[in-house]
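Coordinate analysis (summary)
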Amino acid sequence: MIIAIDGPSGAGKSTVAKAVAKTLGFSCLDTGAMYRAIAWQALQEGVAFDDNESLGALALAKEITFGHTAGDPIPKQVFIDGVEVTDAIRTTEIDKAVSPVSAAPAVRVALVAQQQRIGQGGDYVVEGRDIGTVVFPDAELKIFLTASDEERAHRRVRQNVDRNIGSFDYAEVLADLKRRDEYDSSREMSPLCAADDAIILDTTEYYIEVVIDKICALAKEKSANERQQA
């Protein structure tokens, strides 16, 4: 089974996806980390963010892998060509770079192919911005997580403080979230939007545990229905 979780920055996708995967015994794929890794590599090599051809060549040439603790389906590390970039891809600089890089059509083609190959390997919770619409349009369960701009900014600041990376300034984070929302939802290829058959969950006023329980219940119900129909 594929559970696709989409939504804007700060909606809780990563936290929810990891918790759902642990609860259900699924693997978890953070597609956003893959785009961030390419953005980081582009900065290292001085590749312009509007150079679609060069960015695409970079995405094709570089292998992105995840490090796991034995028995844990949740990746703890991110590598690009063997170089660990787990913390390096969570900086303010990468926050600003990832939208234009991920909007490059050649990058999306390269990474979507990688993501689809990974997802064919078993039961996955996959989170990102175009999972239910482009990467896995036939996913058995599609969720679109959202929350108010203000709540998402507060969450991102708390996350940055906990990790001691990125900006701690609420106004800066809020402005960056709004900028990225506009960029992601208006890009020509794979814009941020809910799939027609996605279940939309507004997490603004809900504890994250409630959202996790809701998605797990939906997944179990979907799985039971499919077994009955088989």
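For the structure itself, consult the block above.
A brief structural summary. (Residues numbered from 1 in each chain as written. Predicted model: local features only at pLDDT ≥ 70, side-chain atom pairs only at ≥ 80, totals over all residues. Heavy atoms only, no water.)

Brief notes about the sheet that holds strand β7 (residues 141-146)
Pairing is parallel across the open sheet formed by five strands, whose spatial order is β2-β6-β1-β7-β8. Edge positions in the sheet fall to β2 (27-30) and β8 (199-202), since each of these pairs with one other strand and no more. Averaged over all adjacent pairs, the angle separating strand axes in this sheet is 20°, with direction ignored. Two elements, strand β1 (residues 2-6) and β7, share four bridges in a ladder whose sense is parallel. For A4, the partnering residue across the bridge sits in β7 and is K142. Lying over the sheet, helix α2 (residues 31-45) contacts β2 and β6 (124-128), oriented at roughly 40° with respect to β2. (Pairing = 2+ DSSP bridges. Helix = DSSP H or I, 4+ residues; strand = E, 2+ residues; numbered from the N terminus. Axes fitted to C-alpha atoms, helices over the stretch in contact; angles between N-to-C directions. Contact = heavy atoms within 4.5 Å.)

Here's the deal with the pattern of salt bridges
Side-chain pairing between opposite charges can occur once the charged atoms of the two side chains come close. Under the defined criterion, the tally for this structure stands at 16 salt bridges. Between K96 and E172 there is a salt bridge, with the nearest N and O atoms lying 3.8 Å from each other. With K96 in helix α4 (residues 92-103) and E172 in helix α8 (residues 170-186), the pair connects residues that are 76 residues apart, well separated along the chain. Connected through salt bridges with shared partners, the residues R129, R180, D184 and R187 form a single ionic network. (Salt bridge = Lys/Arg side-chain N within 4 Å of Asp/Glu carboxyl O.)

Some thoughts on the environment of I94
You can see I94 is positioned in helix α4. Among the residues examined, I94 registers a relative accessible area of 1% and is labelled buried. Sequence separation of I94 and M1 is 93 residues, and the distance between their C-alpha atoms is 32 Å. Contacts of I94, omitting those with residues within four sequence positions, involve R36, A39, W40, L43, A88 and I89. (Buried < 20%, exposed > 50% of the residue type's maximum accessible area, 1.4 Å probe, protein only.)

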